[in-house]
Amino acid sequence: MTTKTSDLIPLRQWIKGALDSSGSSNNSVISEASTSSYLTACLKIAISLTEQIGNAEKLEDLGVSREIDLLPTSAIQDWAEFVWIRLKKSHCNDTQYNIHGKSDDCHRKRSWNDDVSVNQPLPYETFTSDSVTVTSFEWKDDNEQGLDEELKAILESFGDNEFEASEPAAQVQKPQPHCAKKSSAFENINYLDVHSACLRSPESDPSNFLNSDLGKSEGRIRRIYFLGLVFYELFSGGELPPPELFALVSSDRDFVSLPTLTITRKSKDDQTFETDFNRCPDQLGSSERLRLCQLSSEYLRLMGLPGPLCNLIFSMLDCIYGDSSGDKMSDFTSDLQLMIEKPAKFLRDLDLEKLTLSGLELNESFLSREDELESIKSCYHRCVSESYELAIITGDSGTGKSWLANRVGAFVTAHGGVFLNGKFDQMKRVLPFSALASAFDQYCDLLIKENESDWAKRVVNKLISALGKDAGHLSKVIPKLNQILSCNASVVDSSCDQQCANALQRLHYLLYQFVDVISSNSTVSMTLFLDDVQWADSASISVLNQLLLKRNKQFFFLGCCRGSDEDDHPFGDMIKSIKAFGIKTTVVKMKCLEKDALNAIVSELLCLSPRVVRSLSDVLYVKTKGNPLFFCQMMRSLNKDGLLRLNLRRQRWVWDNEEILSMKLPDDVAVCFATGISKLPIEVQSALRTLSMFGASIRCKYIEALESKLQVKLIEPLKIAIAEGLVSNLRGSFHFCHDRLQEASYAMIEVEDRCRVHLTYGLCLVKISLDTNDTELLFTAVNQINFGGPTAVSNAQECANMSKYNLIAGKKALEMSNFLSAHSFFSFGIDFLPYRHWECHYNLSLELFDLACKSALAIGNMHSLRVLSDGVFQNARSFEDKLNTHFTLISSLVCASMLSEALEKGCDILSRIGDHIPRNPSNEDLDHHIRKTQSLIRGITENDILNYSHMTDTNKLDAMRFLAQLEIITVMVKPTLHPFVTLKMVRLTILHGLSPVSPIGFVYFGSLLAKRGNIKAGHQFTLLAKALLEKLDARDVAGEVICVATEVQFFLEPVQAASNFFAVQGEPAAMRGGNIHWACMNRLHYCCTMFWTCSNLAVVSEMFAEASQFMREQHHRTSLLFLLPIQKIILTLIGSEAETLADNELLRSIQENKNPRHLMMFSFHVMYRSFLLDNNVIDEYALKYYQFHRSSWFLFFGDAVQTFFVGLVAFQSYRETCKSIWLEKGETCIADMKLWAKQGASWNFRHKLLLLEAEELYSKGSFENAQVSYMNAITLAKSHKFMNDEALACELAAMFYLGTGNVASSLDHFRLAQEKYHKWGAFAKADRLLAFIHITFIDID
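Residues numbered from 1 in each chain as written. Predicted model: local features only at pLDDT ≥ 70, side-chain atom pairs only at ≥ 80, totals over all residues. Heavy atoms only, no water.

Engineer: Go over the overall build of the chain, please, and point to the residues and values.
Structural biologist: The helix and strand inventory of the chain stands at 60 helices and 16 strands. Per-residue burial over the chain gives 58% buried out of 1341 residues. At a minimum sequence separation of 6, the contacts of the chain that also span at least 24 residues come to 72%. Approximately 54,800 Å² of the chain is accessible, and the part contributed by carbon and sulfur atoms is 49%. (Helix = DSSP H or I, 4+ residues; strand = E, 2+ residues; numbered from the N terminus. Buried < 20%, exposed > 50% of the residue type's maximum accessible area, 1.4 Å probe, protein only. Contact = heavy atoms within 4.5 Å. Areas by Shrake-Rupley, 256 points an atom, 1.4 Å probe, with all protein chains shown as cover.)

Next comes the structure, spelled out in structure tokens:
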């Protein structure tokens, strides 16, 4: 079977036909080549040819040399004669053949006429003089099984690789030469629609195809050279290369003597060349030979061919002189493919005029980092749509972290999200919340800009509602919040006399409220990006930690961290912490560029192929180690110094590898930047050094103020720096474009001069800040003073002034709840104090030490607190001057759970003030103090107290502070003292007026009265305490007051209705006041109340899990150790006990905490669990409960629960042991329950009393009365919606019936109890009860 002549077209015939198809003559096509389809078709042909040769060379490398033998060699110099073109399917005859010569109806893998990509390898064909033989490349080899995968892949690319003998080759008619008349088969053909091309060798002279006379490298160089001649003819539209080019090589690479060359162009329009060599080729030197090739490629450029293509052809011709840069055919394939895929970069000519003026255009966009970007995008999508997650970008300086983050920002905003960003600064770590303030100020700007829109109004209203009167505290961190809320919120000034820890926790809560409002009231996501988080201060990290732990799905956090996210800095510690709470973190590690990646980047930047720039990129990689920032700086430097320059004749970038390689470059990129900066004008260098003294950025107005004060030029030189790309002006601030630029500028200042300059700048700005009341400028100025340090100050008075400036700045930081910064300012202030400062500057010294102690407590620096407090105790002139420090020390003891020590110290202080608290009071003492207090308040109404004037006696104010501190300490450690502390607070208020903590005294007084039996009177005083909260605006103590008042309220109202006060009022009030202790206690009391009353244990279990996490997040061990034993009970009842701590582990943790009340409650909960699940440790833990039990004068619903179950256990133990002690304990419990059921809410206590009475009657043998009480208890528990108590009553009634012989009733009540336990969600208890039923009642159907 044979093919027709229309299948293959000789190259020269194709050129003529393609010119006709394009409507151009060979004189005009090249001028249009850069945009014509002719050039595209030529590129496809060129790619096909280079791929064919490249694949043959790969086979040669694998030891299969037959394909190389079929290519033309140096003996055949006119390769163009053996290039054949195949057009696409639609332009060929219908008859199609595969590589075996089989007809189209046979099974085949690829046909000659298949419309496949030009990038696929082409099959080889062998020609005879009269016909074309299509030869398949299939091998029958004894070692065919040993061929590796690479060889198989290459062979497969040529066609069928089934490794079997091929069928006889088909003989087809050879097409006519290009000069022959076109046959009818080629009429009306679009020659530009090229499918592929191939080289076919004449079979008539096999000796011409053997390469055995040449080495492998030599043969490859010649193939590149001769293919370059083909390309010359192809792309020129049929122009033959100068014949002298064919004579440059012979089979032994010697030059052949020919007549005088004529290759110099006469004129632009004339296509003939002449040269003044006038010598035979064998007489030409290497430079003249090179010039011969250059002239040929320049001729193509003058014809209109794009410069990059001319350079490629020149490179192929030039290889014959030993230039090895292009000795691989695959490199030229890649070059040609880039010209098709990216013509704007690799095919079109450079804009020389523009580049001559602007120089090398370089920015970070070349970095790509697509994989890293996609990773963060995926994390973002998961965060806003599935589960909460955050992302961190890590890496060395200069690897493009910030650039990648900004790309994420562009993605977020393009999809409608809000992208807020801030940057931490190593030189501004004492500036309060600078990065967070910058980020959230941007959102406020957005609200101000869109103030008339519905969404902006909605957000503002929500912020006013959420922040309320506390907005003033937050506006000191987010200054622009004032512009939004100033007309709507009552801004209350915060005082540095407040408890530091409370203020910090309040700020955490307010910031969370702010983020929650702006994210939840937006239809789009909120992204917070913080750069250089390794420089973040602890206060910002603490706030950020709280924001992230809230898991708001509309809030996505992205951070950039130099080095690793787990390095030793506060942010690394935070990441470890939130990971421990199960928050997923995506870490994207930015690495330096690999050698190949750098080569690709240089290729893109210079618009030259990777093959051409390989030598340059290799040198750059050696010099920069692939660091993107260093690479950018070096490229700019090379361009500026002329080592990388434009060659106008060749219309491309050129360089000198040897000269670049010999350059001495520093290892640190900052030093490299400094070298570049040193070449700028002196004024610009000076301005950059000044700017660097303030860190990565500073407001423009501060630089303007400094310029005016110092009478030096700063603004104009910085504009030059902006033009140089070193500095930017964004949102009214000067920013270094990279932190390494700031480091380089700062390094240019002599070390011995830095302190003096810092101090000079600080003194210039601090006076302006005080005159203008500019807090940010104050922090900036004092920070500069502290960088200068005491050694830069010349005399004692100046030192005292520096201390005063630090005191002012520290107080401002306290107002903003930035205690780390405050502590830093106070510490610097102390360092600046001159010699004998306690004598010469006593008040200044005392205030600095006192406030430094408070801030040390807030940041948990107990060592600093001890050192500072010792300084006060040794040097203070009076006991009164030491009181603030004593108060701080007691607070530190409470934080460390050293409650006994705190109580002892507090009582001692009160005694020295004159308000003695008895250490070991008797019951008679208590009665006496109660009568004394009641006598004092008799006749005084609630309105009278609300209208009392404020307390002014400083001693009494101090006493009230310490008493309020001792309230909760005495409840935990020594309950017998608690009523005396409460009564003292009430009397001081009545006698001396209202203090900010008076509500605490009255709420505990109400609880005390209720505990002693007068529940209604006690409730009235708790209502008075809540009214005083509003009167005094005592938000710092609101959480405590609401919690205690709600517990008393349970004894008058149904517990199910009142329990929400903990969650709705108590916890939020505590958080607003920054009182984490009472926020956790409100959460604890709410969860416990829900457990004893809720109808669904699964819901309660979730509440306990959330509460446990909240307490762990807040590091509140006290509330957590109360919560965990109850959580264990819940999980045990449900059947998930494996998820909890073992009792011995819990007990060990509780013992370590040294809180007697923890031990008491732990014993009670183990006793309750044993009682409910029939374990054998009931008596043991009942006795331990009584051992640790201390009567508390603080009434709470847990008292009733304990009384109820202790009474049940007592009666059960009495029946088992007949010991009267248990009967007496049970009767005592009944007496307490009767009081509460009679005076208080019978809804909560009546069914409990009936069940206790039923157990008592059962124990005493009064079975009929017991039966009635059991039935009434079941009925009331059901009607009052206490499902757990109903189930328990049914179970105890069943046990009563079983013990008295009424088996049928017993079984009925056991079944009812099992049903109720199951409905409650206590599946383990229900299963255990069911098993008991099956065993006990086995004989009953």
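Engineer: Lay out unusual backbone geometry in plain terms, naming residues and giving numbers.
Structural biologist: For Lys625, which is not glycine, the phi dihedral falls at a positive 60°. Tracing the backbone through its elements, the reader meets Lys625 in the loop between α22 (610-624) and α23 (628-640). Note on Lys625: relative accessible area 56%, which makes it exposed. Unlike most non-glycine residues, Arg836 shows phi in positive territory, near 60°. Turning to its location among the elements, Arg836 is positioned in the loop between α33 (819-832) and α34 (837-840). With relative accessibility at 46%, the residue Arg836 sits in the partly exposed group.

Engineer: So what's going on with the side chain of Asp774? Which residues, and what values?
Structural biologist: For Asp774, the position within the fold is in the loop between α30 (751-772) and α31 (775-788). Residues within four places of Asp774 in sequence aside, it is in contact with Lys701, Tyr702 and Ser769.

Engineer: Run through the sheet that holds strand β9 (residues 526-531), naming residues and quoting values.
Structural biologist: Spatially, the 5 strands line up as an open sheet ordered β8-β9-β10-β7-β11, and their pairing is parallel. Looking at which strands have only one partner, the edges of the open sheet turn out to be β8 (418-423) and β11 (584-590). For this sheet, the mean inter-axis angle between neighbouring strands, taken without regard to orientation, is 15°. Pairing between β8 and β9: 6 bridges, direction parallel. What sits directly across from Lys423, in β9, is Asp531. Set on the sheet, helix α14 (residues 434-449) makes contact with β8 and β9; between it and β8 the angle comes to about 150°. Strands β7 (389-395), β9 and β10 (555-562) of the sheet are contacted by helix α19 (residues 538-549), whose axis makes an angle of about 140° with β10. (Pairing = 2+ DSSP bridges. Axes fitted to C-alpha atoms, helices over the stretch in contact; angles between N-to-C directions.)

Engineer: Please provide a residue-by-residue account of the pattern of salt bridges, values included.
Structural biologist: Tallied over the entire structure, the rule returns 36 salt bridges. Its salt-bridge partner being Lys88, residue Asp193 comes within 3.8 Å of it at the nearest N-O pair. Of this pair, Asp193 sits in the loop between β5 (171-173) and β6 (194-202) while Lys88 is found in the loop between β2 (83-87) and β3 (125-127), placing the two residues 105 residues apart along the sequence. By relative accessible area, which is 22% here, Asp193 ends up partly exposed. (Salt bridge = Lys/Arg side-chain N within 4 Å of Asp/Glu carboxyl O.)

Engineer: Talk me through the sheet that holds strand β15 (residues 727-730); I want residue IDs and the actual numbers.
Structural biologist: Strands sit in the order β14-β16-β15 across an open sheet of 3 strands; the sheet is antiparallel. Both edges of this open sheet fall to β14 (697-699) and β15, since each of them pairs with a single strand only. Neighbour-to-neighbour, the strand axes of this sheet turn through a mean angle of 20°, independent of strand direction. Sheet topology note: the β14/strand β16 (residues 733-736) ladder contains 3 bridges and is antiparallel.

Engineer: Hey, could you go over the packing of aromatic side chains for me, with residue numbers and the actual values?
Structural biologist: Aromatic ring pairs are described here by two measures, namely the spacing of the ring centres and the angle between the planes. All told, the structure shown has 42 aromatic pairs when counted by the stated rule. Consider the rings of Tyr443 and Trp455, whose centres lie 6.4 Å apart with planes at 65°: the pair is edge-to-face. With Tyr443 in helix α14 and Trp455 in helix α15 (residues 454-467), this pair connects stretches of sequence that are 12 residues apart. Judged by relative accessible area, which is 1%, Tyr443 ranks as buried. Judged by its relative accessible area of 27%, Trp455 falls in the partly exposed class. Ring geometry for Tyr1185 against Tyr1186: centres 5.5 Å apart, planes inclined by 70°, an arrangement best described as edge-to-face. Taken together through their ring pairs, the aromatic side chains of Phe1091, Trp1092, Tyr1168, Phe1171, Phe1204, Phe1205 and Trp1320 make up a single cluster. The aromatic ring of Phe887 is capped on one face by Arg961, whose charged end is 4.7 Å from the ring centroid. In this arrangement the basic side chain of Lys1248 is found over the ring face of Phe1204, its NZ or CZ atom lying 5.7 Å from the centre. (Phe/Tyr/Trp six-rings, centres within 6.5 Å; stacked < 30°, edge-to-face > 60°. Lys NZ or Arg CZ within 6 Å of the ring centre and 35° of its normal.)

Engineer: Which residues make up the side chain of Thr690, and what values do they have?
Structural biologist: Mapped onto the fold, Thr690 is located in helix α26 (residues 682-692). Residues within four places of Thr690 in sequence aside, it is in contact with Leu706, Leu714 and Tyr761.

Engineer: Please give an account of the pairing of β10 that cites residues and values.
Structural biologist: The element β10 is largely enclosed, with a buried count of 7 among its 8 residues. Two elements, β9 and β10, share 5 bridges in a ladder whose sense is parallel. Bridged to Met526 within β10 is Phe555. Viewed along the sheet, the connection from β9 through α19 into β10 turns out right-handed. (Right-handed = clockwise from strand over helix to strand, strands pointing away.)

Engineer: So, the nonpolar core: which residues are in play, and what are the values?
Structural biologist: Residues Phe514, Leu606 and Phe1091 are the most contacted members of the largest nonpolar core, which totals 350 residues. Sorting elements by how many residues they give to this core places helix α48 (residues 1076-1093) first, with 12 residues. With residues up to four places along the chain from it excluded, the contact list for Phe1091 reads Leu1097, Val1100, Phe1104, Ile1126, Ile1129, Ile1130, Leu1133, Tyr1168, Asn1284 and Trp1320. (Core = buried A, V, L, I, M, F, W, Y, C linked by side-chain atoms within 4.5 Å.)

Engineer: Provide a residue-level description of empty space enclosed by the protein, including the pertinent values.
Structural biologist: Applying the stated criterion to the full structure yields 10 cavities of 30 Å³ or more. Of the volumes computed, that of the largest cavity is approximately 360 Å³. When residues of the lining of the largest cavity are traced back to their parent elements, those giving at least two are α41 (954-973), α48, α50 (1117-1134), α52 (1156-1173) and α54 (1197-1217). It is α48 that contributes the most residues to the lining of the largest cavity, 7 residues altogether. Looking at side-chain class alone, the lining of the largest cavity contains 16 nonpolar, 5 polar and 2 charged residues. (1 Å grid on protein atoms, 1.4 Å probe; cavity = no way out; pocket = protein on both sides within 12 Å on 5 of 7 lines; lining within 4 Å. Points joined across faces, edges and corners; volume = space filled by probe spheres on them. Nonpolar A, V, L, I, M, F, W, Y, C, P; charged D, E, K, R; others polar.)

Engineer: How would you explain the packing of helix α42 (residues 978-992) against helix α43 (residues 998-1011) if you had to name every residue and give the values?
Structural biologist: Direction vectors running N to C along α42 and α43 enclose 130°, while the axes themselves pass 8 Å from each other. In terms of their interaxial angle, α42 and α43 are classed as oblique. Taken as a pair, α42 and α43 cross one another with a handedness that is left-handed. Across the interface between the two elements, His978, Pro979, Thr982, Leu983, Met985, Val986, Thr989 and Ile990 of α42 pack against Ser998, Ile1000, Gly1001, Phe1002, Tyr1004, Phe1005 and Leu1008 of α43. (Parallel < 35°, antiparallel > 145°, perpendicular 65-115°, else oblique. Left-handed = near helix turned anticlockwise from the far one by under 90°.)

Engineer: Run through the packing of α43 against helix α45 (residues 1038-1049), naming residues and quoting values.
Structural biologist: Remark: α43 packs on α45, axes separated minimally by 9 Å, with the N-to-C direction vectors making an angle of 15°. By the angle between their directions, the pair α43 and α45 is classed as roughly parallel. In this structure, α43 crosses over α45, and the sense of that crossing is left-handed. Note on element contacts: α45 touches α43 through Glu1040, Val1041, Val1044, Ala1045 and Val1048, opposite Pro999, Ile1000, Val1003, Tyr1004, Ser1007 and Ala1010. Taken together, the residues that form the contact of α43 with α45 break down as 9 nonpolar, 1 polar and 1 charged.

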